[in-house]
Amino acid sequence: MNITGNTILITGGTSGIGKALAEALHARQNKVIIAGRRQQLLDQVTAANPGMIGLQLDVDDKGSIEQFAAQVQRQFPELNVLINNAGIMRAEDYTAEKVDVATAEATLTTNISSVVRLTAALLPTLKAQPKATLMATTSGLAHVPMAAFPTYSGTKAFLHAWLEAVRFQLRNTNVEVLELTPPYVQTDLTGSHQANDPRAMPLDEFITEVMQILESGNTPKGEILVERVKPLRWAEKNGSYEQLLTALGSQ
Ligand SMILES: NC(=O)c1ccc[n+]([C@@H]2O[C@H](COP(=O)([O-])OP(=O)(O)OC[C@H]3O[C@@H](n4cnc5c(N)ncnc54)[C@H](OP(=O)(O)O)[C@@H]3O)[C@@H](O)[C@H]2O)c1
């Protein structure tokens, strides 16, 4: 992916990784459109980054995605980068007498269905450009699940496999497929404690390393892997899978 001169849509651009990535890409002379539900945050982020555009979107709403994609195609026919980054992470307890299936279903909708729907809706626009990038944010937990978050971990494993398959299908087209695989990063994903958890990677350090990787083009097999996520990414290969599964399960 060229690091400047793109028109980029980032979902989940109102906070955390999406917001920080949007700001880093905005600073490198890209036209950046952020999407999210919270209008106040869209306004705040775009006001702080003149030229950035904010569009309201609830990715859980199938009808909204279609309308939204049509609007993006009309307003930004030059769109050449889609970053599917919006996501939720909620704990589930399968030892409980009654498992809360609603949590699993909500996670599947936000983390999987929305990505598939928005990608399908905007791929024609990406394919129409000389050079385009489709990206999604997965997680190190795609490779070693965290027991407290079964469906979340599963959605990220799904996205990893889905991206690999889509990348293969698109291998002879102008659309490059990238996977951003964060480690545990200081954001509000699971609540405000995460943003201050010293065990999590500081957000600015994560984004700095991601931008260095993008600038260097060091994305073997389309994966953007910062150093901190490599133990999870390669756990199976390194023989540390069981140990990490147990360690994550005990947290
Ligand atoms: N932080 C980590 O440790 C970590 C690790 C691995 C992977 N990730 C992944 O990184 C991505 C970003 O997470 P984050 O850590 O930056 O957490 P975050 O600060 O909570 O960001 C989540 C973003 O997703 C958006 N979102 C959630 N539900 C949405 C919906 N229904 N419609 C539209 N937007 C929605 C939120 O925007 P609105 O609320 O404004 O809609 C928000 O901008 C997620 O996919 C997450 O799974 C994070």
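Residues numbered from 1 in each chain as written. Predicted model: local features only at pLDDT ≥ 70, side-chain atom pairs only at ≥ 80, totals over all residues. Heavy atoms only, no water.

- An unreviewed UniProt entry annotates the chain as Oxidoreductase, short-chain dehydrogenase/reductase family of Acidisarcina polymorpha.

### Looking at the overall build of the chain
Right, on to step 1. Along its length, the chain carries 10 helices and 7 strands.
Right, on to step 2. The C-alpha atoms of the chain give 18 Å as radius of gyration, which agrees with the globular expectation for 251 residues (18 Å, within 12%).
Right, on to step 3. Seen through its principal axes, the chain has C-alpha atoms that stretch 50 × 35 × 35 Å.
Right, on to step 4. Each of the 251 residues in the chain was classed as buried or not, and the buried ones make up 51%.
Right, on to step 5. Once local pairs closer than 6 in sequence are excluded, the contacts in the chain between residues at least 24 apart make up 64%.
Right, on to step 6. Put simply, the chain shows about 11,800 Å² of open surface, and 52% of that area lies on carbon and sulfur atoms. (Helix = DSSP H or I, 4+ residues; strand = E, 2+ residues; numbered from the N terminus. Rg over C-alpha atoms; globule rule 2.2 N^0.38 Å. Buried < 20%, exposed > 50% of the residue type's maximum accessible area, 1.4 Å probe, protein only. Contact = heavy atoms within 4.5 Å. Areas by Shrake-Rupley, 256 points an atom, 1.4 Å probe, with all protein chains shown as cover.)

### What to know about the pairing of strand β5 (residues 132-137)
Right, on to step 1. Within β5, 6 of the 6 residues are buried, leaving the element largely enclosed by the surrounding structure.
Right, on to step 2. As defined by bridge partners, strand β4 (residues 81-84) adjoins β5 across 4 bridges and the pair is classed as parallel. Across the sheet, residue L82 finds its bridge partner in β5, namely L134.
Right, on to step 3. Handedness of the crossover joining β4 and β5 through helix α4 (residues 101-127): right-handed.
Right, on to step 4. What joins β5 to strand β6 (residues 175-180) is helix α5 (residues 150-169), and the crossover it makes is right-handed. (Pairing = 2+ DSSP bridges. Right-handed = clockwise from strand over helix to strand, strands pointing away.)

### Considering the site of the ligand
Right, on to step 1. Surrounding the ligand, one finds 30 residues, the nearest of these being T14, I17, R37, Y152 and T187.
Right, on to step 2. One of the backbone N or O atoms of V185 is found 2.8 Å from an oxygen atom in the ligand.
Right, on to step 3. When the ligand is considered free in solution it has 870 Å² of accessible area, and contact with the protein chains removes 95% of it.
Right, on to step 4. Of all the secondary structure elements, the ones that give two or more residues to the shell around the ligand are α1 (16-27) and α5. (Near = heavy atom within 4 Å. Polar contact = N/O pair within 3.5 Å; in protein donor to acceptor, adjacent residues only side chain to side chain.)

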